[in-house]
Amino acid sequence: MLRRWILAILMAACGVLVAVTQLSDGLPAVGGVELVVFLVLALLLSPWAFPRSVSDAEARRVSAVDGRPIVYWRPGCRYCLQLRFSLGRLARRAHWVDIWHDPAAAATVRTAAGGNETVPTVMLGEQAVVNPDRAWFRQQLRSS
């Protein structure tokens with residue numbers, strides 16, 4: 001569980017360290033700005049930047065009923081973050097599965113990506129798309 005949060009924790013700790021250093025140097029405004037920057041980075045690298053993650057089994061079960069795609073991702077992945085923010089509110093139309101939280105999801109991604117845990121990987125029914133084009137995926141979500 002800690003593995004999912006390690007990058008966010010490191011960013012927040014670095015922000016506090018930099019802010020304390022700037023405060024001790026007599027630069028509270030600079031320290032405050034740098035702290036905010038590091039905290040924003042921590043938020044972006046945390047699981048909170050993504051819709052609620054479900055298990056692989058739950059996502060497959062619900063996707064079979066509602067036809068919505070499944071997005072496999074992991075915290076700290078810049079490509080996952082780019083995909084997430086390019087989708088905006090459309091991201092809520094997909095089922096998001098954190099491969100670091102669910103070993104079965106990691107196995108699904110390895111099967112789809114030739115043995116690698118390459119994310120983001122999108123499942124549309126039985127079709128797996130590794131590193132999908134963002135415009136294409138937005139279109140898929142609009143039509144689902």
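Residues numbered from 1 in each chain as written. Predicted model: local features only at pLDDT ≥ 70, side-chain atom pairs only at ≥ 80, totals over all residues. Heavy atoms only, no water.

Inspection of the entire model under this criterion finds four salt bridges. Ionic pairing is found between R60 and D56, a salt bridge with its closest N-O pair at 3.4 Å. Residue R60 and its partner D56 are located together in helix α3 (residues 56–66), separated by four residues, close to a single helical turn. Between R110 and E117 there is a salt bridge, with the nearest N and O atoms lying 2.5 Å from each other. For R110, a relative accessible area of 33% gives the class partly exposed. Note on E117: relative accessible area 35%, which makes it partly exposed. (Salt bridge = Lys/Arg side-chain N within 4 Å of Asp/Glu carboxyl O. Helix = DSSP H or I, 4+ residues; strand = E, 2+ residues; numbered from the N terminus. Buried < 20%, exposed > 50% of the residue type's maximum accessible area, 1.4 Å probe, protein only.)

If you trace the four strands from one edge of the open sheet to the other, you get β2-β1-β3-β4, paired in mixed fashion. In this open sheet, the two edge strands, each paired with only one partner strand, are β2 (95–98) and β4 (127–130). Here the average twist between neighbouring strands, direction ignored, is 20°. In terms of strand pairing, strand β1 (residues 70–73) meets strand β3 (residues 121–124) through three bridges, oriented antiparallel. Residue pairing in the sheet places V71 in a bridge with V122 of β3. Relative to β2, α3 is tilted by about 165°, and along the sheet it contacts β1 and β2. (Pairing = 2+ DSSP bridges. Axes fitted to C-alpha atoms, helices over the stretch in contact; angles between N-to-C directions. Contact = heavy atoms within 4.5 Å.)

Bringing the confidence of the model for the chain into the picture now. Overall, the prediction assigns the chain a mean pLDDT of 89, with 98% of residues at 70 or greater. Per-residue pLDDT, averaged within each element of the chain, yields its smallest value for helix α1 (residues 2–24) (85) and its largest for β1 (96). (pLDDT = per-residue confidence, 0-100.)

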